[in-house]
Amino acid sequence: MSSSSEQDTPQTASPVLEPVDENLAIIARQAIVDEHRTVYGYELFDRSTASNAHTATSDAALLFNALSYAGTEALVGKKTMFINCTHDSLLGAHLELIHPEKVVLEVPPLPDDSTPAEIEGRIPTLQALRTRGFRLAFDQRALRRAYTGWLPLAAFIKLDLQAVKPEQAGPLISFISTHSRAMLIAEKVETAEQYELMRRLGVKLYQGYWFARPSLVKATTIRPAQASIIQLINLVRKQASTSEIEELLKKDPSLSFNLLRFINSSGFGLSCEVTSFRHAVMILGLNKLFRWAALLMTTSRGGGGAPPAVGQTAVVRGRLMELLAAELLPPEECDNAFVVGLFSLLDSMLGMPLEKALASVALPEPVMGALLHGTGVFAPFLELVKACESGDEAVFARTTDALQLSNRQVNWAHLQALTWAESLNV
């Protein structure tokens, strides 16, 4: 991803903002607004990679982090995302995971020494992206004669006001209007005079310091263990059943958390929230699930996610709550009981308040009530599970009585949960 349209000044620029740790994603965004300063969309920038070091992998990581980690609600809400791309990343499988209507791909020109044949040779790739529903944005360098074949594919043309002289603006805008149907965006607008000139020339969209400076969004992430990702990939490759895949997701809290967060991001384009692992697997399908898992593997920085002890405790909680719920609740509630136990330690995994951690994943109201307020049908189960961990005999006695469970039932379920979690090598 190039960052040709990002604006830095000596006061705001820094070489690269290095993540504090491998579980921190840092993304900058800058608003693109209309003439009334209403936000049309946001351009996103990867702030953990040097501007001259972007690759197809870093492009994929930015988009993946935006959707899966930082959460598009925190970044762009319901607005359009503008993502800078390298030409290699335009061929990436990560683009098959997102809803095309939510994303504008900013495509740079080829290097100056490229031949006309090389420039022309990129058209099939660009056309295929357009056919899939992506909108493409080019900058004013695409107005050169060699790029004539690109212009009909442009949904946006961005004019860099630091590179375009005022006397050139009128002829350029006239040329764009004649040879394409692209919407114009005046970028790097830094003064009222620049804005007034563009407004008089009919430009409707703007980006620059005069409207808004880039702001940083920092998001703590959970990195699933690579062994779990590999296991998921292997299951998908052998076309395992939905039940087998669901079982794996239940075994790794970080893996399941990332999947639910990703599939419910606005970039995925669903009209309903997905709250169960089975539903997520069925909606994604094996092909997209494979691509998601592969991308998760390639964008991982090699960390094992949360500390093993925390992950194992979360898995034990989930399994124990599922077993206890099976004694008293309808079968369809057991999965939610598992989710309550599994996600009850997200604050420890993410190092942030549980309410903030849960804000990026869609969960049913009874699940949220138990996790955040200790209320609802799952709350006494969670309290009992915690008592099993801590050895708090008073709470254990009170909650078992309230649920009308015997000591034998609880102790046997706890032993089963511990054995199950041990077998996973979490």
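Note: the structure precedes this text.
Rules of the game
- Residues numbered from 1 in each chain as written.
- Predicted model: local features only at pLDDT ≥ 70, side-chain atom pairs only at ≥ 80, totals over all residues.
- Heavy atoms only, no water.
- Helix = DSSP H or I, 4+ residues; strand = E, 2+ residues; numbered from the N terminus.
- Buried < 20%, exposed > 50% of the residue type's maximum accessible area, 1.4 Å probe, protein only.
- Contact = heavy atoms within 4.5 Å.
- Axes fitted to C-alpha atoms, helices over the stretch in contact; angles between N-to-C directions.
- Parallel < 35°, antiparallel > 145°, perpendicular 65-115°, else oblique.
- Nonpolar A, V, L, I, M, F, W, Y, C, P; charged D, E, K, R; others polar.
- Expected span 1.5 Å × (residues − 1).
- Arc of directions from axis to C-beta.
- Phe/Tyr/Trp six-rings, centres within 6.5 Å; stacked < 30°, edge-to-face > 60°.
- Lys NZ or Arg CZ within 6 Å of the ring centre and 35° of its normal.
- Core = buried A, V, L, I, M, F, W, Y, C linked by side-chain atoms within 4.5 Å.

**Quick notes on the environment of valine 33**
And step 1. Among the structural elements, valine 33 can be located in strand β1 (residues 24-34).
And step 2. Valine 33 sits in the buried class, given a relative accessible area of 4%.
And step 3. Taking the C-alpha atoms as reference points, valine 33 and lysine 204, separated by 171 residues in sequence, lie 8.4 Å from one another.
And step 4. In this structure valine 33 touches Thr38, Val39, Tyr40, Lys204, Leu205, Tyr206 and Phe211, once residues within four positions along its chain are discounted.

**Digging into the packing of helix α8 (residues 242-251) against helix α9 (residues 253-263)**
And step 1. Viewed as axis vectors pointing N to C, α8 and α9 meet at an angle of 110 degrees, and their least axial separation amounts to 5 Å. The pairing of α8 with α9 is recorded here as roughly perpendicular in orientation. Counting all contacts with α8, which are made through Leu248, Leu249 and Lys251, the residues of α9 involved are Pro253, Leu255, Ser256 and Leu259.
And step 2. Counted by class, the contact of α8 with α9 contains 5 nonpolar, 1 polar and 1 charged residues.

**Structural notes on helix α5 (residues 166-179)**
And step 1. An ideal rise of 1.5 Å per residue puts 20 Å on 14 residues; α5 measures up with 21 Å between its terminal C-alpha atoms.
And step 2. Within α5, burial applies to Ala169, Ile173 and Ile176. Seen end-on, α5 carries its buried residues on one side only, within an arc spanning 65 degrees. Seen from the open side of α5, the exposed residues pointing more than 90 degrees away from its buried face are Glu167, Pro171 and Thr178.
And step 3. Contacts made by the buried residues of α5 are with β6 (156-160), β7 (183-187) and α6 (192-200).

**A word on the packing of aromatic side chains**
And step 1. What the rule picks out here adds up to 10 aromatic pairs.
And step 2. Here tyrosine 195 and phenylalanine 211 contribute two aromatic rings whose centre-to-centre distance is 5.7 Å and whose plane-to-plane angle is 80 degrees, an arrangement assigned as edge-to-face. Taken as a pair, tyrosine 195 in helix α6 and phenylalanine 211 in the loop between β8 (205-207) and β9 (215-220) lie far apart in primary sequence, 16 residues in all.
And step 3. Classification of tyrosine 195 by relative accessible area gives buried; the value is 10%.
And step 4. Here the aromatic residues Tyr195, Tyr206, Trp210 and Phe211 are joined through ring pairs into a cluster of three or more.
And step 5. Seen from the ring of tryptophan 210, arginine 37 lies directly overhead, with NZ or CZ sitting 4.7 Å from the centre.

**Focus on the nonpolar core**
Within soluble globular proteins, side chains that are nonpolar generally end up buried alongside one another.
And step 1. With 63 residues, the main nonpolar core has Leu232, Ile245, Leu289, Leu324, Phe343, Leu363 and Leu371 as its most contacted residues.
And step 2. Setting aside residues no more than four positions away along its own chain, leucine 289 makes contact with Leu232, Val236, Ile245, Leu259, Val281 and Leu284.
And step 3. Residues Met81, Val107, Leu161 and Phe211 belong to the second largest nonpolar core, which totals 46 residues.

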